[in-house]
Amino acid sequence: MINSVDAFQNLRPGGDDMSVVFRLAGSTDIPSAGKVSDNNDGSYMVQYAITQAGRYTVSISVNGVVGVGSPFDLRVEAELADTSLTYAYGEFLDASTGKTFSVYVQTRDKYGNFISTDPAAFPDGNQNVQLEYCSDPNLGGTCPATDAQCTCQGGTKNNDVSIIVNYAVGPNGPTRNGQLGGERYLGLYQITYFPFTSGKSTPLVRHNGVYIKCYFHTATPVYEVPVTEADAC
């Protein structure tokens, strides 16, 4: 809600040319505009719908002049996680004993935004991400999300493996460019596993109890899978 007042702080009668614009930081896309409704009493209702998470600059113009305390920053966070959009990339094939392998699990909301959990506040993240090392997976089966006793989609789990899960760690470390102060990985879980016994086993990933469907095997060195590829998965 925006109130328009005159020099004496009296509410104006309405009829002002009011606009509200949202600009996403670092984006060259056309800015989003809010829908402004004139209540004809000096107040204006602004409605907006933003589906892309990130930091926005909000500018309010009254009769062509930017003001009303703007521009100011607005942080838009991701929605709740949508397990159907989670994808994983890394070393899923040809695992062998005596070596450590890494895979990365990217969690997203229903709009495709990375889950923006701050690692400073939640060092382990806020999603339940697990890797099951399956000697005989039932790839056509499933397990109820709440059934922790059911593993490998109803198949056989190989427990002769060490598995460690870290949050907000990617192929380059904690930042995308590998530099201190760089853009952080958000919604990303690094899983490292070390098999103790030989024999073929298949790594499967569960997110909040649900088996994900989108996997990318990437050879060393591991690269970050483009979102466009994940969207087409």
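Attention in this report is confined to the structure presented alongside it. Fair warning: this is a prediction, and the values are worked out from it, not measured in the lab.

About the cut-offs
- Residues numbered from 1 in each chain as written.
- Predicted model: local features only at pLDDT ≥ 70, side-chain atom pairs only at ≥ 80, totals over all residues.
- Heavy atoms only, no water.
- Phe/Tyr/Trp six-rings, centres within 6.5 Å; stacked < 30°, edge-to-face > 60°.
- Buried < 20%, exposed > 50% of the residue type's maximum accessible area, 1.4 Å probe, protein only.
- Helix = DSSP H or I, 4+ residues; strand = E, 2+ residues; numbered from the N terminus.
- Pairing = 2+ DSSP bridges.
- Disulfide = S-S within 2.5 Å.

**Considering the packing of aromatic side chains**
Part 1 of the argument: In the structure shown here, the tally under the stated rule is nine aromatic pairs.
Part 2 of the argument: Centre to centre, the rings of Phe194 and Phe196 are 5.7 Å apart; their planes meet at 55 degrees, and the pair counts as tilted.
Part 3 of the argument: Its relative accessible area of 53% is what places Phe196 among the exposed residues.
Part 4 of the argument: Among the aromatic residues, ring-to-ring pairing joins Tyr87, Tyr89, Tyr104 and Phe216 into one connected group.

**A closer look at the pairing of strand β16 (residues 214-217)**
Part 1 of the argument: Residues Cys214 and Phe216 point to one face of β16 and are all buried, whereas Tyr215 and His217, pointing to the other face, are not buried.
Part 2 of the argument: Strand direction decides the pairing type here: strand β8 (residues 87-90) and β16, joined by four bridges, are parallel. Pairing of Ala88 across the sheet is with Tyr215, part of β16.

**Re the state of the cysteines**
Part 1 of the argument: Tallying each qualifying case throughout the model produces three disulfides.
Part 2 of the argument: Disulfide pairing is shown between Cys134 and Cys152; the S-S distance is 2.1 Å. Since a negative S-S torsion denotes a left-handed disulfide, the Cys134-Cys152 link at about -90 degrees is left-handed. Of the two residues, Cys134 sits in strand β10 (residues 129-136) while Cys152 sits in the loop between β10 and β11 (156-157), which places them 18 residues apart along the sequence. There is no split in this pair, since Cys134 and Cys152 are both buried.
Part 3 of the argument: For the chain, the bonded cysteines connect in the pattern 1-4, 2-3, 5-6 when numbered consecutively along the sequence.

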